[in-house]
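# Coordinates in review
The chain contents come next:
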Amino acid sequence: MEFYPMSRLIVISNRVSAGGGAAGGLAVALSAGLRENGGIWFGWSGERIDEFTGQINFRIEDGVRTATVDLEDQDIEEYYNGFANRTLWPLFHYRIDLAEYERSFAGGYRRANERFADTVLPLIEPEDHVWVQDYHMLPLGSELRARGVTNRIGFFLHIPWPPRRLLVTLPEVRELVETLFAYDLIGFHTREWLDSFADFVVHELGGAISDDDVATWNGQRLKLLVCPAGIDAAEFKALSESETARRTCIRVRESAVGRALIVGVDRLDYSKGLEERFQGYERFLSEHPEERKEVVLLQIAPPSRGAVESYQQIRTRLEGLAGKINGAHAALDWVPIRYVNQAYGRDVLAGVYRASRIGLVTPLRDGMNLVAKEYVAAQDPSDPGVLILSRFAGAAEEMTEAVLVNPHSAEEISDAIRTALAMPLAERISRWERLMEKVQQQDVMWWLHRFTAALSAVELHGERANPLPLIESDEGHEVA
Ligand code: GDG
């Protein structure tokens, strides 16, 4: 990958996680981008304060300058737990049955974004490139423009862009989508999400889309980019060969006593299709009694967003379902599902992936899904496991050598498990090699550079193309 020297980067996201070990792959890439170019990572500290003050806490974490701000209770309730996680998250994952539409949420979301804009404004210097992350901060670009920011500003959406027939159920939708034209560039994981956005622009806003994916509306231009996120494949492969992973792999295999291990690793979220996965697995157990005691499902699902009721409900339902399936099928020496509500270190996860015969990644809807890529990166090249992947994860657009399934169909999940268990070694290896090549090539640094290069390359028009007249300096250099 070519290195693009660029301006300082201002990364803005709901949470800031530049610190080493615990940070996930994307955080590592964003930190690397900040180290390469200099800059600041700004966002919410995760802390509550009685009354919002806008006071910034500066830190240096692993060579990255971070700036965070505390939020007051009402912001956390209306912006984070409210509009972000009870309205936008379900809606953007096609779950209008779970989406809650409350004016107070929309108001709190706007207020929190205004506060973020006010707070980060003094940190932005004229040549900086600003990169806003995800659905918590859709209107931030427009808030910055309203405060006079003329810098290049890009936005990356980590979740799907839903079909317009669903999106129009959001009362504030038009206003919200119009604010996105404040950006110079929006990145999506897949062509499908980009096309869905374009469809909204054309049919709801009356805008237009050019052949090279530039959206125009109301005299404004916005470049759209397909930019699939990847993982740090080299790091994950190394993790899978670490001492901890090796020990985990042995321990988990021993506990399976010769049975084929099927693994799932997901945040406990209704978008991940865990209930449907358990039902598909149960279907497999009922349809193939001869294989019953030859498999075991290990599902790791660390709790997430526990303050939101739909998350409490999914947790209760899953516990009930796992208990019911285990009750119905277990024998003296075998339990079909081992369901663990706990987070583990990344090296432990790598060992679990490597110990398994099947990786079961079956979200009902997912922007990308990085677990699918981690699963591939962690396999033993001489005896790789089989990835079963939902057609409705963004990852399925690239990872076509996985066994693709419709996660709503218990029968398809059951058939896929059967296929994966019967798959000859030669086929497992050839599918894995092709998957691994893509995971390694389009890794997380590829994602970072693809986005930042596109942001640098956006053609500016109107006043922003020639912002200030150039003045001759004493040394004969031109300066702004
Ligand atoms: C959003 C989008 C998109 C999980 N359990 C543990 C643990 N994890 C890590 C995984 C993986 C990450 O969490 C999950 O990433 P996903 O991509 O699978 O899903 P979301 O959290 O929903 O992420 C998604 C992503 O943003 C990036 O754009 O792909 O579509 O929904 O890295 O390994 N990590 C540790 N312990 C655990 O128990 N340490």
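Calculation rules
Residues numbered from 1 in each chain as written. Predicted model: local features only at pLDDT ≥ 70, side-chain atom pairs only at ≥ 80, totals over all residues. Heavy atoms only, no water. Helix = DSSP H or I, 4+ residues; strand = E, 2+ residues; numbered from the N terminus. Buried < 20%, exposed > 50% of the residue type's maximum accessible area, 1.4 Å probe, protein only. Contact = heavy atoms within 4.5 Å. Areas by Shrake-Rupley, 256 points an atom, 1.4 Å probe, with all protein chains shown as cover. Lys, Arg positive; Asp, Glu negative; His and termini not counted. Charge placed at Lys NZ, Arg CZ, Asp CG, Glu CD. Pairing = 2+ DSSP bridges. Core = buried A, V, L, I, M, F, W, Y, C linked by side-chain atoms within 4.5 Å. pLDDT = per-residue confidence, 0-100. Expected span 1.5 Å × (residues − 1). Arc of directions from axis to C-beta. Salt bridge = Lys/Arg side-chain N within 4 Å of Asp/Glu carboxyl O. Phe/Tyr/Trp six-rings, centres within 6.5 Å; stacked < 30°, edge-to-face > 60°. Axes fitted to C-alpha atoms, helices over the stretch in contact; angles between N-to-C directions.

## Re the overall build of the protein chain
Helix and strand counts for the protein chain stand at 16 helices and 18 strands. Buried residues in the protein chain amount to 57% of all 480 residues. Residue pairs in contact within the protein chain that sit at least 24 positions apart in sequence constitute 77% of those at least 6 positions apart. Total accessible area on the protein chain is roughly 20100 Å²; 49% of this is exposed by carbon and sulfur atoms. The positive charge centre, built from 51 side chains, and the negative charge centre, built from 72, are 6 Å apart in the protein chain.

## Some thoughts on the pairing of strand β5 (residues 129-133)
Among the 5 residues that make up β5, 5 are buried, leaving the element largely enclosed by the rest of the structure. As paired elements, strand β1 (residues 9-15) and β5 share 4 bridges and run parallel to each other. Looking across to β5, one finds that I12 is bridged to V132. One ladder, built from 5 bridges, connects β5 with strand β6 (residues 152-156); its direction is parallel. Along β6, the bridge assignment pairs Q133 with F156.

## A look at the nonpolar core
Judged by nonpolar contacts, the single largest core of 135 residues is most densely connected at I12, F116, L144, W161, F197 and L389. Sort the elements by how many residues they give to this core and helix α2 (residues 73-92) lands first, with 8 residues. Beyond its immediate stretch of four places on either side in the chain, F116 contacts F42, W44, V69, L71, Y79, M137 and L140.

## Notes on the confidence of the model for the protein chain
Detailed reading of the predicted coordinates is not advisable wherever pLDDT is low. Here the protein chain averages 93 in pLDDT, while 95% of its residues score no lower than 70. A low-confidence stretch, residues 472-480 stays under pLDDT 50, and its non-local contacts, those more than four residues away or across chains, total 9 contacts.

## Some thoughts on helix α11 (residues 309-329)
Taking 1.5 Å per residue, 21 residues should reach 30 Å; α11 reaches 30 Å between its end C-alpha atoms and fits that length. Of all the residues in α11, the buried ones are S310, Y311, I314, L318, L321, A322, I325, N326 and H329. Here the buried residues of α11 occupy an arc of 130 degrees about the axis, which is enough to place them on one side. For α11, the exposed residues lying more than 90 degrees away from the buried face are E309, T316, K324 and G327. Buried residues belonging to α11 abut α2, α10 (274-287) and β13 (337-340).

## Some remarks on the pattern of salt bridges
Under the defined criterion, the tally for this structure stands at 37 salt bridges. Here R174 ties to E178 by a salt bridge, and the two come within 3.0 Å at their closest N and O atoms. You can see R174 and its partner E178 sitting in helix α6 (residues 173-179), 4 residues apart, about one turn around the helix. The shortest N-O distance in the salt bridge between R428 and D383 comes to 2.7 Å. In this pair, R428 sits in helix α15 (residues 425-441) while D383 sits in the loop between α13 (370-377) and β15 (386-390), placing the two residues 45 residues apart along the sequence. The partly exposed category is assigned to D383, whose relative accessible area is 37%. Within this structure, E72, D75, E78, R111 and R115 form a network of salt bridges that share partners.

## A few points about the packing of aromatic side chains
Under the criterion given, the structure shown has 19 aromatic pairs. Taking 6.1 Å as the distance between ring centres and 85 degrees as the angle between the ring planes, the aromatic pair formed by F42 and F116 counts as edge-to-face. Here the residue F42 occupies a position in strand β2 (residues 39-49), and F116 occupies one in helix α3 (residues 103-120), the gap between them amounting to 74 residues. With a centroid separation of 6.2 Å and 80 degrees between ring planes, the pair formed by F156 and F451 is classed as edge-to-face. Of the two residues, F156 sits in strand β6 while F451 sits in helix α16 (residues 444-457), which places them 295 residues apart along the sequence. Assigned by exposure class, F156 and F451 land together as buried. Aromatic rings pair up to connect F42, Y79, F83, Y109 and F116 into one cluster.

## Section: the sheet that holds β2
The sheet built from 10 strands is open, its strands ordered β3-β4-β2-β1-β5-β6-β7-β10-β9-β8 with mixed pairing. Every interior strand has two partners, whereas the edge strands, β3 (56-61) and β8 (208-209), have only one. Where strand β9 (residues 214-217) and strand β10 (residues 220-226) come together, 4 bridges link them in antiparallel fashion. The residue bridging W217 from the neighbouring strand is Q220, located in β10. Seen against the sheet, α16 touches β1, β5, β6, β7 (185-188) and β10 and runs at an angle of roughly 145 degrees to β6.

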